[in-house]
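# Structure at a glance
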Amino acid sequence: MIHAFLLAQVTKEINNMTVKMPYQCFINGRFEDAGDGKSYDTINPTDGSAICKVSYASVEDVDRAVAAAKESFENGPWGKMNPRDRGSLLLADLMEEHQEELATIESIDSGAVYTLALKTHVGMSIQTFRYFAGWCDKIQGKTIPINQARPNRNLTFTRKEPLGVCAIVIPWNYPLMMLAWKSAACLAAGNTLVLKPAQVTPLTALKFAELSVKAGIPKGVINILPGSGGMVGQRLSDHPDIRKLGFTGSTPIGKQIMKSCAISNLKKVSLELGGKSPLIIFSDCDMDKAVRMGMSSVFFNKGENCIAAGRLFVEESIHDEFISRVVEEIKKMKIGDPLDRSTDHGPQNHKAHLDKLLEYCEAGVKEGAMLVYGGRQVDRPGFFMEPTVFTDVEDHMFIAKEESFGPVMVVSKFKTGSVSLNRANDTEYGLASGVFTRDINKAMYVSERLEAGTVFVNTYNKTDVYKLLGCLNMVFVALLQAVPACDDCSITQSCCYHHINQGCVFLKFWRHDTYHDTGEAIRHHDTLRYIQSDVTSNFFY
């Protein structure tokens, strides 16, 4: 099996290493061409050149992948595997061994600066799989007391069961990290997957598939289908054998997916959609930190960041100083090859997105916002955009309402003592927000009233696998991390047993590698326990 997929790789000498990249669909444990033989070029945004041809999955490929995932779930070893053994296969160690190669692939395919790709894109992916590997044997149910006539011969409990085949459609801004955030909990819960990477950034997902085989994950558990969202993503939404679909992307597409999932088979849905996160900077802030973190809130990962601060509200008395210092720092940023360790700002992800950002800036100028810096494509090969700053942005303007998803800082001022939370909350999104102030009472007051799933206080972009990433409003319905993610990938089954005949239960207790059969008092870890029951079934808890 390993030999089969090694035959289908593109090899490049780049970033002082040999990088091997699978480029075919991954279905039922094998790399293979799309059923109709179609392929497309995936483009390096640094210079616009083609990295390689990638298989362009068809609807028939989706059906084969779903069938493989269903067969693996129902009849394969994955569902029968001890959860602890399942956790040992969840790839974290193997990904860590290949982290430089993964970061290099991520950098040339998405334009991410290599140092950021290594630490965040890949580093957080490893942390995510390692974290959820530890949850495999801790997904538990509850015992529930029920009110019945005595003698009570009813035992009621719940257990968490995997859903079955889950589909995942991931975005292009953090290709590997979004794969990890979406798939690690699904796998930990015992599900099987069909995953569609973004059409413009398929390569780290396909490398992940290669590593999954090396890790020993059974065939059919993970299936990767590069190709069109309109075709592959739509078929996944419509497919009757898929029990859950997770999607990160735009709000209009999210609405269509939710509609299709409802019409097809009422499959479970988790969506993480657009963002226009407000950041409020008060005059009593630490100015150095506000400038540094304010820039990070906008320009981190070239602005291709779901929680990016889409609109800054800066108190009038410090507005001009803040803007002046931001522009001064932008001028120091090095724009260039993302594989260069000294680069601060790489290319936008793909040409269509760059064009959209240029149109966004033109709309801001046309409506009367002041373009203080940037707003243009950098004069060099590739899809580079200047970090951009707009001021005098009024609430009705297009750039005040709509997400840029790029390196565009949109700044409005507010008068001292008159910050309007209504302005900050005047958005259909509710993913993140932030406030900078030295006054803890002010910080608490504002954070309680910001309508967002996450509020950063005197910092920004601090995410972690252990921390919930909540969502409100039209961002919709995903608690992407921590324990609720496992619950979201499971179904709760309620079991109620009625014990008809009295008798002494045959219980097994594990102690010092010896089983003890008991219906009498025993000493167990120096605790005297008396076991008596009218349950006739054998239970081992």
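Residues numbered from 1 in each chain as written. Predicted model: local features only at pLDDT ≥ 70, side-chain atom pairs only at ≥ 80, totals over all residues. Heavy atoms only, no water.

What counts is decided by this rule: UniProt positions are given in the numbering used here, feature names are shortened, and annotations may be inferred rather than shown by experiment.
The protein chain is annotated in an unreviewed UniProt entry as Aldehyde dehydrogenase 1 family member L2 of Nothobranchius furzeri. Word for word, the UniProt comment on the protein chain under Sequence similarities (unreviewed entry) is "Belongs to the aldehyde dehydrogenase family."

## Examining the sheet that holds strand E14 (residues 277-281)
Our working definition: Only strands joined by at least two bridges in the DSSP assignment are considered to pair. Only DSSP runs of H or I covering at least 4 residues are called helices, and only runs of E covering at least 2 are called strands; the numbering of each starts at the N terminus. Axis definition: a line fitted to C-alpha atoms, limited for helices to the stretch in contact. Angles are taken between N-to-C directions and run from 0 to 180 degrees.
Taken in spatial order, the seven strands of this open sheet run E16-E17-E18-E15-E14-E19-E20, and their pairing is mixed. Only two strands of the sheet have a single neighbouring strand rather than two, namely strand E16 (370-373) and strand E20 (454-457). This sheet shows a mean twist of 25 degrees between the axes of neighbouring strands, independent of strand direction. Sheet analysis places strand E19 (residues 432-436) next to E20, joined by four bridges and oriented parallel. Note on E20: the bridge partner recorded for Gly434 is Phe456.

## Here we look at the packing of aromatic side chains
The following threshold applies: Any pair of Phe, Tyr and Trp rings, taking the six-membered ring for Trp, is counted once the centres come within 6.5 Å. Such a pair is stacked with planes under 30 degrees apart, edge-to-face with planes over 60 apart, and tilted for the rest. Each residue gets one of three labels from its accessible area relative to the maximum for its type: buried under 20%, exposed over 50%, partly exposed in between, using a 1.4 Å probe on protein chains only. When the NZ atom of lysine or the CZ atom of arginine is within 6 Å of a ring's centre and also within 35 degrees of its normal, the charge is said to sit over that ring.
All told, the structure shown has eight aromatic pairs when counted by the stated rule. Aromatic side chains Tyr131 and Phe132 sit 5.0 Å apart centroid to centroid with 80 degrees between the ring planes, which places their arrangement in the edge-to-face category. The two residues Tyr131 and Phe132 agree in class, both being buried. In this structure, Arg86 packs its charged tip against the face of Trp78, placed 5.9 Å from the ring centre.

## Some points on the pattern of salt bridges
Cut-off, in case you're wondering: A pair is scored as a salt bridge if a Lys or Arg side-chain nitrogen falls within 4 Å of a carboxyl oxygen belonging to Asp or Glu.
The final tally for this structure, using the stated rule, is 26 salt bridges. Salt-bridge contacts for Glu101 lead to Lys207; the nearest nitrogen and oxygen are separated by 3.1 Å. With Glu101 in helix H6 (residues 99-110) and Lys207 in helix H9 (residues 203-215), this residue pair connects regions lying 106 residues apart in the sequence. A single burial state applies to Glu101 and to Lys207, both of which are buried. Asp355 is the partner of Lys351 in a salt bridge, and the nearest nitrogen-oxygen pair spans 3.0 Å.

## Considering the UniProt feature "active site" (unreviewed entry) in the protein chain
UniProt feature "active site" (unreviewed entry): in the numbering of this structure it lies at Glu272. Tracing the backbone through its elements, the reader meets Glu272 in strand E13 (residues 268-272). Its relative accessible area of 1% is what places Glu272 among the buried residues.

## Observations regarding the pairing of strand E8 (residues 154-162)
The pairing of strand E7 (residues 143-144) with E8 spans two bridges and is classified as antiparallel. If you follow Ile144 over to E8, its bridge partner there is Thr156. When E8 meets strand E21 (residues 490-498), the two strands line up antiparallel, connected through nine bridges. When the bridges of E21 are listed, Lys160 appears paired with Thr492.

## Focus: the packing of helix H7 (residues 114-133) against helix H8 (residues 175-188)
Formally: Angles are sorted into four bins: roughly parallel if under 35 degrees, roughly antiparallel if over 145, roughly perpendicular if 65 to 115, and oblique for all others. Any two residues whose heavy atoms approach within 4.5 Å are treated as being in contact. Classification used: nonpolar for Ala, Val, Leu, Ile, Met, Phe, Trp, Tyr, Cys and Pro, charged for Asp, Glu, Lys and Arg, polar for all others including Gly.
At their nearest, the axes of H7 and H8 sit 8 Å apart, and the two run at 5 degrees to each other. When the axes of H7 and H8 are compared, the pair comes out roughly parallel. Where H7 abuts H8, its residues Thr120, His121, Val122, Met124, Ser125, Thr128, Phe129 and Phe132 lie against Pro175, Leu176, Met177, Leu179, Ala180, Trp181, Ser183, Ala184, Ala185, Leu187 and Ala188. When the residues that make up the contact of H7 with H8 are grouped by side-chain class, the tally is 14 nonpolar, five polar and no charged.

## Considering the side chain of Thr46
Relative to the helices and strands, Thr46 is located in the loop between strand E5 (39-43) and strand E6 (50-55). Thr46 sits in the buried class, given a relative accessible area of 11%. Sequence-distant contacts of Thr46, that is, excluding residues within four places in its chain, are made with Asp337, Pro338, Pro347, Pro381, Gly382 and Phe384.

## Remarks on the sheet that holds E21
In any sheet, the strands associate via hydrogen bonds between backbone groups, in a parallel or an antiparallel arrangement. The antiparallel open sheet is built from three strands, whose spatial order is E7-E8-E21. The open sheet has two edge strands with one neighbour each: E7 and E21.

## As for the side chain of His319
Along the chain, His319 turns up in helix H13 (residues 316-330). Apart from residues lying up to four places away in sequence, His319 is in contact with Val314, Thr391, Val411 and Lys413.

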